Amino acid sequence: MPTRRDHSMESDNTPVLHMRTVWISDLHLGTPGCQAEALLDFLRDVECETLYLVGDIIDGWQLRRSWYWPQAHNDVVQKLLRKARKGTRVIFVPGNHDEFARKYVEHSFGGVEVMDEAIHTTADGKRLWITHGDLFDGVIQCAKWLAYVGDVAYETTLKVNRHFNRFRAKLGMPYWSLSKYLKLKVKRAVSFISDFEEAVAREARKRGVDGVVCGHIHHAEIRDIDGVLYCNDGDWVESLTALVEHHDGRLEILDFSERLLLQPMRQGSTRPVALPEPQAAAMLVD
């Protein structure tokens, strides 16, 4: 499992990665599956001009079933608010799990702007539509009760996965996601992902933009779909991924789980050293 940061090491708080824009989604704060400690490390290591929170930041569905809110989840919220206070533009686009926040669109809380959707222009002039993506999920729109059932099943899978990975960690083996494996192996799940991506790209084309950034399906990817740039920033439950824009407009997916596992330790610290150059989990877009 990702190595935890020693929160007393204040000298380690200097950002190492300087980006123009960062997109993260599907944090699912309020659930045991949230990788809050790793997320805190990422937020400390990355400095950016604009930070997009692309939905499912707080899991209202889970919190209604059973309250779960450890200190690390509170620390994540405080860190996001601190970034907003220090000059980062923080934009929150709610998803289906935090749909309660859609009542507050066009409001600002602690410097965090709440938007139903957004348009981002990259440094090299690409116009990207920002949306969580749940509106293109037929299960969410047509059979919400089935989505709730699926959410419970998903949480059970994550629970089994946590126990499995504790055993793997004792053997010195890296983190492995059972749910992610099933998504990529089960034919119906693969078909759902493909249909979702094409539906979102089709809507982006109708809107006359160059591309789209979304989350929702917990599957990080950057690819061209019939001339539309499709970007999914992944999640912080299974993948620990984020989408970033460099200062020249290049887009990249960072896989923070790999960096945490492979990086050497700082002398006298319990947390890994952030790499000076981010490692891509997907492709660079020039």
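Heads up: these notes are all about the structure in this document. Starting afresh in each chain, residues are numbered from 1 along the sequence in its written order. At least 70 in pLDDT is required for a residue's local features to be given in this predicted model, at least 80 for side-chain atom pairs to be given and counted, and no such filter applies to totals for whole chains, interfaces and linings, which use all residues. Excluded from the side-chain calculation are hydrogens and water; included are all heavy atoms of the structure.

A word on the overall build of the protein chain. Summing up its helical and strand segments, the protein chain has eight helices and twelve strands in all. Split into buried and exposed, the 286 residues of the protein chain put 51% on the buried side. For every accessible area listed, the method is Shrake-Rupley and the probe measures 1.4 Å; residues are considered covered only by the protein chains on display. For the protein chain, the computed accessible surface area is about 13,200 Å², with 55% contributed by carbon and sulfur atoms. Each helix is a run of H or I in the DSSP string that is no shorter than four residues. Each strand is a run of E no shorter than two, and both are numbered from the N terminus. Using a 1.4 Å probe on the protein chains alone, a residue whose accessible area is under 20% of its type maximum counts as buried, one over 50% counts as exposed, and one in between counts as partly exposed.

This next bit is on the sheet that holds strand β4 (residues 108-109). Pairing within the open sheet is mixed, and its seven strands lie in the order β4-β5-β3-β2-β1-β11-β12. Strand pairing shows two members of the sheet lacking a second neighbour, β4 and β12 (251-255), which therefore form its edges. Strands qualify as paired when DSSP identifies two bridges or more between them. Relative to strand β3 (residues 89-92), strand β2 (residues 46-53) runs parallel, the two being bridged by four bridges. Paired with Y52 across the strands is I91, a residue of β3.

Turning our attention to the packing of helix α1 (residues 36-45) against helix α3 (residues 71-85). α3 packs onto α1 with a crossing angle of 20° between their chain directions and a minimal axis gap of 9 Å. Classed by the angle they form, the pair α1 and α3 counts as roughly parallel. Between α1 and α3 lies a crossing of left-handed hand. On α3, the residues that touch A36, E37, L39, L40, L43 and R44 of α1 are A72, H73, D75, V76, K79, L80 and K83. All residues other than Ala, Val, Leu, Ile, Met, Phe, Trp, Tyr, Cys, Pro, Asp, Glu, Lys and Arg, Gly among them, are scored as polar; the first ten of these are nonpolar and the last four charged. Of the residues assigned to the contact of α1 with α3, the class counts are seven nonpolar, one polar and five charged. Between N-to-C directions, angles span 0 to 180 degrees; the directions come from axes that are lines fitted to C-alpha atoms, helices contributing only their stretch in contact. Any angle that falls under 35 degrees is termed roughly parallel, while one over 145 is termed roughly antiparallel, one within 65 to 115 roughly perpendicular, and all others oblique. What makes a crossing left-handed is the near helix being turned counterclockwise from the far one by less than a right angle; a clockwise turn instead makes it right-handed. Note on contacts: a residue pair is in contact if any heavy atoms of the two residues lie within 4.5 Å.

Before going further, it helps to examine the pattern of salt bridges. In the sections that follow, a salt bridge refers to a side-chain nitrogen of Lys or Arg positioned within 4 Å of a carboxyl oxygen of Asp or Glu. For the coordinates displayed, the defined rule picks out nine salt bridges. E221 serves as the salt-bridge partner of R223, at 3.5 Å between the closest nitrogen and oxygen. For R223, a relative accessible area of 25% corresponds to the partly exposed category.

The pairing test for Phe, Tyr and Trp rings, Trp by its six-membered ring, is centres within 6.5 Å, and the orientation test on the planes gives stacked under 30 degrees, edge-to-face over 60, and tilted for anything in between. In this structure the tally under the stated criterion is seven aromatic pairs. A centroid spacing of 5.2 Å and a plane angle of 45° characterise the contact between F42 and W236, whose relative ring orientation is tilted. Note that F42 is positioned in helix α1 and W236 in the loop between β10 (228-232) and β11 (241-245), a separation of 194 residues in sequence. For the pair formed by F42 and W236, the shared burial category is buried. Of the aromatic side chains, those joined through ring pairs into one cluster are F42, W236 and F256.

The next subject is the nonpolar core. For this analysis, a nonpolar core means a set of buried residues of the types Ala, Val, Leu, Ile, Met, Phe, Trp, Tyr and Cys, connected via side-chain atoms within 4.5 Å. Core analysis: the biggest nonpolar cluster contains 33 residues, and V22, I24, F42, L51, L53, V76 and W236 have the highest contact counts within it. For this core, the secondary-structure elements that each account for two or more residues are β1 (17-24), α1, β2, α3, β3, β5 (112-114) and β11. Ranked by residue count, the leading element in this core is α1, at six residues.

The subject of this paragraph is the pairing of β10. In terms of burial, β10 is largely enclosed, as five of its five residues are buried. The side-chain alternation of β10 yields two buried faces, one formed by V228, Y230 and N232 and the other by L229 and C231. For strand β8 (residues 211-214) and β10, the ladder comprises four bridges, and the chain directions are parallel. Counterpart to G211 in the pairing with β10 is L229. Judged from the five bridges that link them, strand β9 (residues 221-225) and β10 form a sheet pairing that is antiparallel.

Turning our attention to the sheet that holds strand β7 (residues 127-130). The five strands are arranged β6-β7-β8-β10-β9 in an open sheet whose pairing can be described as mixed. On the outer flanks of this sheet lie β6 (118-121) and β9, each paired with one strand and no other. Strand-to-strand twist of the sheet, defined as the mean angle between neighbouring strand axes without regard to direction, takes the value 25°.

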